[in-house]
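Each chain, letter by letter, is given below.
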Amino acid sequence: MRFRHPDGTTVHLAYCTNVHPAETLDGVLAQLRDHCEPVRRRLGRDRLGIGLWLAKDAAHALDTDPAALRGLRAALDRRGLEVVTLNGFPYEGFGAEQVKYRVYRPDWADPERLEHTTALARVLTGLLPDDLTEGSVSTLPLGWRTTWTDARADTAHAALLTLAERLDALADLTGRSVRVGLEPEPGCIVETTGDALAPLTAVGHPRIGVCVDTCHLATSFEDPHTALDALAAARVPVVKSQLSAALHAEHPRLPAVREALAAFDEPRFLHQTRTVGDTGRLHGTDDLDQALTGDALPDTSPWRAHFHVPLHAAPAAPLTSTLPVLKDALTRLVGGPHPLTRHLEVETYTWQALPPALRPRGRAQLADGIAAELALARDLLTDLGLKELP
């Protein structure tokens, strides 16, 4: 979906296909048929943007076989779909029964991460619509904190510098510019946008920036305006933003709240949980079950958990979502005289991890839910003065 900002800039809105498990190119093509095109039809659009997640095997197939890449591009066109952004964070196995810490491997100290991200950038230049020359890829925020060392940090820094050189060469070769954004996430070396400033200013390249995920931003209790102002002051580009909402518990001390939170404690994904203590210090656990057992977290202040809840359907009381944080962030991102980013992506990959009573039953209900999320995001953009384009 395309929108015209009042300054004339085109802003793109997509939804991320990591909600549909697929490890191979055949699986990706099936996604377009079974999920993406039905969502487009529900929205009554001739064209719908999707943020493709391409696992290692699918990315390799597309990168090494020009005919396969042309075939995917033709399938997108045939189904009324377009791609300007890729989700390069998960490497493989995102549809497995248990993902948890695996999603952070390989990290940016591993050569495989550089090669995979380079492949994604090359693939994206072949998928961009004919009238566009700019694409984006979101990626792992360096690595998980407990495995990090100074030596790994140096290796990651060198890898990002190499990536920047490759992106420059790709732009010279194809005439298409791809930017890559580190996506801050709780528990990682780059947990917050503030953590991104040092490594990205050290790289100092306009093709390497940040992907602002509004669920992660909220989980770490970052103020959107402060965070985005700091990025702008440091000249760190916002390559893309993932529009998402976290789980919010205002009174975690109450038994009814604990019981409601426990329904979201599931075995597939990691649900980092954070709170701000009386001194203003951020406290956290790696997963929701750790927060719910014992006294790992203070419970006199609100808790937020890294659980991407549907944008249009906040959990029932006594829980809610951080949709207000998303709205504040979006206001700063695209509500000013000039947009800070042109690529927006709804990323609710946890539909099938919701408590059983809230999960969609079949493809049709899932498509209905994704379409409703995109409709809400569309309304937020038009409320900010952007005009929806055909």
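In this text, all values refer to a predicted model and were calculated from it rather than measured experimentally.

Draft legend 1. Representation of the packing of aromatic side chains in the model. Under the counting rule described, the total for this entry stands at 8 aromatic pairs. Aromatic rings pair up to connect Trp-53, Phe-94, Phe-269 and Tyr-349 into one cluster. Above the plane of the ring of Phe-221 lies Arg-304, whose end atom (NZ or CZ) is 4.4 Å from the centre.

Draft legend 2. Fine view of the pairing of strand S8 (residues 238-243). Counting buried residues in S8 gives 6 out of 6 residues, a clear majority hidden from the surface. Here strand S7 (residues 208-213) pairs with S8 via 4 bridges, running parallel. Bridge pairing in S8 places Cys-211 opposite Lys-240.

Draft legend 3. Quick peek at the side chain of Arg-304. Structurally, Arg-304 is set in strand S12 (residues 303-309). One buried charge, Arg-304, has no salt-bridge partner; the nearest side chain with opposite charge is Glu-250, at 6.9 Å. Engagement of the side chain of Arg-304 in a polar contact is seen with the backbone oxygen of Ala-218, the distance being 2.9 Å. Within polar-contact distance, the side chain of Arg-304 engages the side chain of His-248 at 3.1 Å. Setting aside its immediate chain neighbours within four residues, Arg-304 contacts Ala-218, Thr-219, Phe-221, Leu-247, His-248, Gln-272, Thr-273, Arg-274, Thr-322 and Val-325.

Draft legend 4. Here's a closer look at the environment of Val-39. Tracing the backbone through its elements, the reader meets Val-39 in helix H1 (residues 25-43). When its relative accessible area of 1% is taken as the criterion, Val-39 is described as buried. Along the primary structure Val-39 and Asp-7 are separated by 32 residues, whereas in three dimensions their C-alpha atoms are 29 Å apart. Beyond its immediate chain neighbours, meaning those up to four positions away, Val-39 contacts Tyr-15, Leu-48, Ala-367, Ile-370, Ala-371 and Leu-374.

Draft legend 5. Here's a closer look at the side chain of His-306. Assignment of secondary structure puts His-306 in strand S12. Polar contacts involving the side chain of His-306 include one to the side chain of Gln-272, which spans 2.6 Å. Not counting the four nearest positions on each side in its chain, His-306 is found in contact with Glu-185, Cys-215, His-216, Thr-219, Leu-270, His-271, Gln-272 and Tyr-349.

Draft legend 6. The arrangement of the packing of H1 against helix H12 (residues 363-383) in detail. For the pair H1 and H12, the least separation of the axes is 9 Å and the interaxial angle reads 55°. Relative to H12, H1 is oriented oblique. Seen from above, H1 lies across H12 with right-handed handedness. Of the residues in H12, those in contact with Asp-34, His-35, Pro-38, Val-39, Arg-42 and Leu-43 of H1 are Arg-363, Ala-364, Leu-366, Ala-367, Asp-368, Ile-370, Ala-371, Leu-374, Ala-375 and Arg-378.

Draft legend 7. Geometry of unusual backbone geometry. In this structure, the amide linkage connecting Arg-105 to the following residue, Pro-106, adopts the cis form with an omega of -10°. Summarising the element assignment, Pro-106 is placed in the loop between strand S4 (81-87) and helix H4 (111-127). The residue after Ala-317, namely Pro-318, is reached through a cis peptide bond having omega 15°. Despite not being glycine, Lys-100 shows a phi value in the positive range, around 45°. Tracing the backbone shows Lys-100 in the loop between S4 and H4. Taking the relative accessible area as the measure of exposure, Lys-100 reaches 14% and is therefore buried. Look at Arg-235: it is not a glycine, yet its phi comes out positive at around 60°. Here Arg-235 is to be found in the loop between helix H8 (224-233) and S8. Relative accessible area serves as the criterion here: at 77%, Arg-235 is assigned to the exposed category.

Thresholds applied
Residues numbered from 1 in each chain as written. Predicted model: local features only at pLDDT ≥ 70, side-chain atom pairs only at ≥ 80, totals over all residues. Heavy atoms only, no water. Phe/Tyr/Trp six-rings, centres within 6.5 Å; stacked < 30°, edge-to-face > 60°. Lys NZ or Arg CZ within 6 Å of the ring centre and 35° of its normal. Buried < 20%, exposed > 50% of the residue type's maximum accessible area, 1.4 Å probe, protein only. Helix = DSSP H or I, 4+ residues; strand = E, 2+ residues; numbered from the N terminus. Pairing = 2+ DSSP bridges. Lys, Arg positive; Asp, Glu negative; His and termini not counted. Salt bridge = Lys/Arg side-chain N within 4 Å of Asp/Glu carboxyl O. Polar contact = N/O pair within 3.5 Å; in protein donor to acceptor, adjacent residues only side chain to side chain. Contact = heavy atoms within 4.5 Å. Axes fitted to C-alpha atoms, helices over the stretch in contact; angles between N-to-C directions. Parallel < 35°, antiparallel > 145°, perpendicular 65-115°, else oblique. Left-handed = near helix turned anticlockwise from the far one by under 90°.

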